[in-house]
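The residues making up each chain are set out below.
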Amino acid sequence: MSNYPKPDAATLLEIYKKAALIKQNDERIIKQMMAGKLVMPYYSPRGQEIIPSAISVSLQDDDYICTIYRGIHDMLAKGFPLGELWAELAGRATGTCKGKGGPMHLTCPSKGMMVTTGIVGSSMPIANGLGWAAKLDGKNRVSVANFGDGAANIGAFHESMNMAALWKLPVIFLCQNNLYAEHTSMAYSRVVEKISDRAAAYGMPGVTVNGNDPDEMYGAAKVAIERARAGEGPTLIEAMTFRFNGHLLGEAGHYMDKALYAKAQEADPMPILRARLIAEGIASEDAVTAIEKEIEARIDAALTAAYEAPFPDVSELKRDVFAEEIA
Amino acid sequence: MTDTTTITKMTMIEAINAALHDAMEADPKVLVLGEEVADPQEGGVMGGTKGLSTRFGEDRVKSTPISEQAIIGAAIGAAVGGYKPVAEIMLMNFIAVPMDMIVNHAAKLRFMSGGQTGVPIVIRTMTGSGFSTGGQHADYLEAWFAHTAGIKVVAPSNPGDAYGLLRAAIDDPDPVLFIENLPSYWTPGPVTKEVVPIGKAKVAREGTDVTVIGHSLMVTHALGVAEKLAAEGISVEVVDLRTISPWDRETVLASVRKTGRAVVVHEAVKQFGIGAEIASVITENLWGTLKRPVERVGAAFSAVPFSKPLETAFAPQPDTIEAAIRAALA
């Protein structure tokens, strides 16, 4: 890890800005749900903010990502428009998917967010196809497949890793290992210690990093992205992290190891990065506070506009089933 | 430009091969992937893709590991990324393996994204009983897909339609399941290289007494029975559905309105098969015009059996179709 490239001060600040947006947006979503204003299944990414923020600073708009039901952090980091996000969460016609997809199927091709799936393990086979398209286009774009530790036990993971290595696809397999697959801990789902060890079986590099550490995560992502852009093929990154709000918001969480949870909360990456920015003189306390205030204002504007927007017309049931409207 | 004026005689598998060649030639975005599709692996287990990788290169024509989820996933991703992949799932029973990719993703991404992403893939697959292949190599499973919004289902009965429907499927903006009947692969027929629009049935034989509606090999069987019954003065109209979803209600209803009697035939298991939907729509629309209840012919409610007498009894044969026609005329 010591030989990884490190983010410079400006990049570190950029990572914090993305991560702060994710955190504050998550907190606002939960408040709105608790107030009964948003009704949806919500898989909170709170605690996993650093991972997508640290990879996205090395991605372009036209690099592809596929993500999963717990994916709003991946999208916001890559630049998902906040207004369209909130309108979609509110089921409005002005949402990015016209209110027809919801939180588990957010899509924004102009920012490279091609597919969001609600099926564990299904982001990887499709990310391969996007990588194949990118390779045929010859433009050195990459495709990032986001998934969790649970998905590493699904057949599609193995099929996809093998095919990506075989075809030297520009794919980054980004396993966000938050230690629980729904309610099942690692101890109940595998005997190997590291998911990244599985990369060797397919002939690709595999690394396990502390996904909550912006230096490590940025470095591992940059190396993998550069390898993919150079046509050298895929990499598996296992980014260790923790989810503070369980699998599905509202669950009882009895399956959770209380000591593990407490330890993870002590290591919350957000206050740590915030304090570091100030300590290292990258940004003053006032500057960081101003960033956070601006984010709050952006969220205010997005949610206000979302609630004022109309719901989709029922005629939408006949549109987008096929390219041609059905009778 | 593809020559659409010359009539050539080809087998079904030759017509499919020609359609793939012409589509790849016409559009550099057309890709082919699947198990054994490239020439080093003999260009497909039945030779359907023979010659493609030699002519268009192994970047566009890729043999894959036996990884059906990865095959369909790669096709979906490439399609979302602007390409037109033709994925081969060797046998229709194997399609149970990548059902998540097909049903949850290929069929739904356009709707779930509010029209932002389309999935213009074709999934070619072959099936059909008659070769003693037993319970996992010969099923007709079209009803699974006809029941799924967002994917089209086509099933040609002859080489000309196979060519024309495959060209249309490749150029369609939505996913298309292209079902090939294995026992029909080597039956020759005229091919004009005209595109056959998806969603349009064809009156394969005109008649006045009864309408037989079917697809794939059942059309061939029905045409044979119709010829036989003509000698008895019975006039059978045969409608070849060609597209199973979205199906051509107008052509079917116009025919049954004329004859007043209908027999729906498919090789799939009769229970909950597409014949039930077609019979229902006929009854809803032509109640009062029908002279008899709609007859349905389909396979037994069992797995495809191995032993020859059982296999023959399992699937509709010309004599069972003939019996259903006679029942409709009673």
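All values derive from a computational prediction rather than experimental measurement.

A short note on the overall build of chain B
Next, step 1: For chain B, the helix and strand inventory stands at twelve helices and 14 strands.
Next, step 2: Compactness check: chain B gives a C-alpha radius of gyration of 19 Å against a globular reference of 20 Å for 330 residues, within 12% of the reference.
Next, step 3: Summarising its shape, the C-alpha atoms of chain B cover approximately 60 × 45 × 40 Å along the three principal directions.
Next, step 4: Considering only contacts in chain B between residues 6 or more positions apart, those separated by 24 or more positions represent 78%.

So, the sheet that holds strand E10 (residues 210-214) of chain B
Adjacent strands of a sheet form backbone hydrogen bonds with each other and so pair up, either parallel or antiparallel.
Residues and elements named next belong to chain B.
Next, step 1: What the five strands build is an open sheet, ordered E9-E11-E10-E13-E14; its pairing is mixed. For this open sheet the edge positions go to strand E9 (202-205) and strand E14 (295-299), each flanked by a neighbour on one side alone. Averaged over all neighbouring strand pairs, the angle between strand axes comes to 25°, with direction disregarded.
Next, step 2: Bridging between E9 and strand E11 (residues 236-240) involves three bridges; their strand directions are antiparallel. When the sheet's bridge partners are listed, Val203 is paired in E11 with Val239.
Next, step 3: Where helix H8 (residues 217-230) meets the sheet, its contacts fall on E9, E10, E11 and strand E13 (262-269), and the angle it forms with E11 comes to roughly 170°.

With respect to the interface of chain A and chain B
Next, step 1: Taken residue by residue, the interface counts 35 residues in chain A and 34 residues in chain B.
Next, step 2: Within the residue set of the side of chain A that touches chain B, elements represented by two or more residues are strand E2 (113-117), helix H5 (123-137) and helix H6 (155-166) of chain A.
Next, step 3: Ranked by residue count, the leading element in the side of chain A that touches chain B is H5 of chain A, at ten residues.
Next, step 4: Among the residues making up the side of chain A that touches chain B, the classes are represented as 19 nonpolar, eleven polar and five charged.

Observations regarding the environment of Asn93 of chain B
Residues and elements named next belong to chain B.
Next, step 1: Within the secondary structure, Asn93 is located in the loop between strand E4 (84-91) and helix H4 (99-106).
Next, step 2: Taking the C-alpha atoms as reference points, Asn93 and Asp139, 46 residues apart in sequence, are found 6.2 Å from one another.
Next, step 3: Excluding its chain neighbours within four sequence positions, the residues that come into contact with Asn93 are Gln136, His137 and Asp139.

Overview of the sheet that holds strand E7 (residues 206-210) of chain A
Residue and element names in this part refer to chain A.
Next, step 1: Strand order in the open sheet formed by six strands is E2-E1-E3-E4-E8-E7, with parallel pairing between adjacent strands. Looking along the sheet, the strands with just one partner apiece sit at the ends: E2 and E7. The average undirected angle you get between the axes of adjacent strands in this sheet is 20°.
Next, step 2: The sheet contact formed by strand E3 (residues 143-148) and strand E4 (residues 171-177) spans six bridges and is parallel. By the bridge assignment, Val144 is partnered in E4 with Ile172.
Next, step 3: Relative to E3, H5 is tilted by about 175°, and along the sheet it contacts strand E1 (64-68), E2, E3 and E4.
Next, step 4: Helix H7 (residues 214-229) rests against E4, E7 and strand E8 (235-240) of the sheet, and its axis sits at about 165° to E8.

Here's the deal with the pairing of E13 of chain B
Residue and element names in this part refer to chain B.
Next, step 1: With eight of eight residues buried, E13 lies mostly within the body of the structure.
Next, step 2: Strand direction decides the pairing type here: E10 and E13, joined by three bridges, are parallel. Bridging from a neighbouring strand, Ile213 pairs with Val264 of E13.
Next, step 3: Sheet analysis places E13 next to E14, joined by four bridges and oriented parallel.

Focus on helix H10 (residues 274-286) of chain B
Residue and element names in this part refer to chain B.
Next, step 1: Compared with an ideal rise of 1.5 Å per residue, which puts 13 residues at 18 Å, H10 spans 18 Å between its outermost C-alpha atoms and is within 8% of the ideal.
Next, step 2: Against helix H6 (142-146), E10, strand E12 (243-245), helix H9 (249-259), E13 and E14 lie the buried residues of H10.
Next, step 3: A positive phi of about 105° marks Gly288, the residue just after H10.

Some words on unusual backbone geometry
Apart from glycine, the bulk of residues carry a negative phi angle, and the bulk of peptide bonds sit in the trans form.
Next, step 1: With an omega of 0°, the peptide bond running from Ser245 of chain B to Pro246 of chain B counts as cis.
Next, step 2: Along the chain, Pro246 of chain B falls in the loop between E12 and H9.
Next, step 3: For Lys98 of chain A, which is not glycine, the phi dihedral falls at a positive 60°.
Next, step 4: Relative to the helices and strands, Lys98 of chain A resides in the loop between helix H4 (82-89) and E2.

Focus: the confidence of the model for chain B
Next, step 1: Across chain B, pLDDT averages 97, with 99% of residues at or above 70.
Next, step 2: Of the two predicted TM-score estimates for the complex, the pTM is 0.97 and the ipTM is 0.96.

Reading guide: rules and limits
Residues numbered from 1 in each chain as written. Chains lettered and ligands numbered in written order. Predicted model: local features only at pLDDT ≥ 70, side-chain atom pairs only at ≥ 80, totals over all residues. Helix = DSSP H or I, 4+ residues; strand = E, 2+ residues; numbered from the N terminus. Rg over C-alpha atoms; globule rule 2.2 N^0.38 Å. Contact = placed C-beta atoms within 7 Å. Pairing = 2+ DSSP bridges. Axes fitted to C-alpha atoms, helices over the stretch in contact; angles between N-to-C directions. Nonpolar A, V, L, I, M, F, W, Y, C, P; charged D, E, K, R; others polar. Buried ≥ 20, exposed ≤ 12 C-beta atoms within 10 Å, placed from the backbone. Expected span 1.5 Å × (residues − 1). pLDDT = per-residue confidence, 0-100.

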